[in-house]
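The residues making up each chain are set out below.
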Amino acid sequence: MNQLFKRALSVLLVVCLLCSALPSAFAAEGGGFTDVPKNHWAYDAITEAVAAGYFKGVTDTTFDPEGTLTRAMLVTVLARAAGAETDNNAATDFSDVASGAWYTGAVAWAQQNGVVNGNSDGTFAPDKAATRQETAAIFLRLLKLLDKTLPEKEEAKTFTDAADIADWAKEAVETMQKAGVLTGYPDGSFQPNALLTRAEAAALVGRFLKAAQSKPTPTEPTEPEPTEPTPTEPEP
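Note that the structure is predicted; figures quoted are calculated from it, not measured.

Reading guide: rules and limits
- Residues numbered from 1 in each chain as written.
- Predicted model: local features only at pLDDT ≥ 70, side-chain atom pairs only at ≥ 80, totals over all residues.
- Heavy atoms only, no water.
- Buried < 20%, exposed > 50% of the residue type's maximum accessible area, 1.4 Å probe, protein only.
- Helix = DSSP H or I, 4+ residues; strand = E, 2+ residues; numbered from the N terminus.
- Contact = heavy atoms within 4.5 Å.
- Salt bridge = Lys/Arg side-chain N within 4 Å of Asp/Glu carboxyl O.
- Core = buried A, V, L, I, M, F, W, Y, C linked by side-chain atoms within 4.5 Å.

**Topic: helix α4 (residues 104-112)**
1) Next: Of all nine residues making up α4, seven are buried, and the element is well covered by its neighbours.
2) Next: Restricting attention to buried positions, one finds in α4 the residues Thr 104, Gly 105, Ala 106, Val 107, Ala 108, Trp 109 and Ala 110.
3) Next: Buried residues along α4 sit against α3 (71-81) and α5 (132-145).
4) Next: Phi turns positive one or two residues past the end of α4, at Gly 114, with a value near 75°.

Next up, the structure:
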């Protein structure tokens, strides 16, 4: 009887161990997140961004790919990608960015380095969703900060809603479009005020970082060395 009891207890323990391992197994199948299956269109981009340390999940097991990307999230991701040293106890000039918030250090770094400018009322609006044209402008400023350039893979195109693109974002939108980082939609529009999801942002950040190139080092022009004229014998 005792042996039978011990066997039953052993089987029960094995079952418990297997059950406790199931959530981890499902999470691993999704690149670490249960809401990012392998057939998700941004699976590779999300997996790469998380592995590189640019993005983190909203919990240990979820990424929230369809969730809206906020301005605070965008700046935090780019600070990590730039390898910036940030301090969440730092102060900023923005009235709505308090010291000690999880994004304060990244916002302070971005402001000090001209990556973000904020709003005319002195706010940064960290919880506001990031738009496509805002993302393009921030990408371009970061590109200049890192002293890098983007290749021109495509001809500049005139979007059907070009009139809706803010003046401050026109150069950035064109630069990102020609580099193939932020392209338009099948209907010919750019939709500058459309909001980004976290999945879209992971794909865009990865595309931007892969496309960014170091500027070629200028070289000094070289002058040909003077040569001595070859003496000739006079004709007899």
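**Structural notes on the pattern of salt bridges**
Pairing is possible between side chains of opposite charge, provided their charged atoms come close.
1) Next: A complete count under the given rule lists six salt bridges for this structure.
2) Next: Where Arg 71 meets Glu 134, a salt bridge forms, and the shortest distance between an N and an O atom there is 3.5 Å. With Arg 71 in helix α3 and Glu 134 in helix α5, this residue pair connects regions lying 63 residues apart in the sequence.
3) Next: The exposure class of Glu 134 is buried, given its relative accessible area of 14%.

**A closer look at the side chain of Lys 178**
1) Next: Within the secondary structure, Lys 178 sits in helix α6 (residues 170-178).
2) Next: A residue is classified by how much of its surface remains accessible, and Lys 178, at 16% relative accessible area, is buried.
3) Next: Once residues lying within four places of it in the same chain are set aside, the contact partners of Lys 178 are Pro 151, Glu 152, Lys 153, Glu 154, Glu 155 and Ala 156.

**Notes on the nonpolar core**
1) Next: Ranked by internal contacts, the top residues of the largest apolar core, which has 54 residues, are Phe 55, Val 116, Phe 139, Leu 150, Met 176 and Phe 208.
2) Next: Looking at this core, the elements with two or more residues in it are α2 (43-52), α3, α4, α5, α6 and α7 (198-211).
3) Next: Sequence-distant contacts of Phe 139, defined by excluding residues within four places in its chain, comprise Leu 74, Leu 78, Met 176, Val 181, Leu 204, Val 205 and Phe 208.

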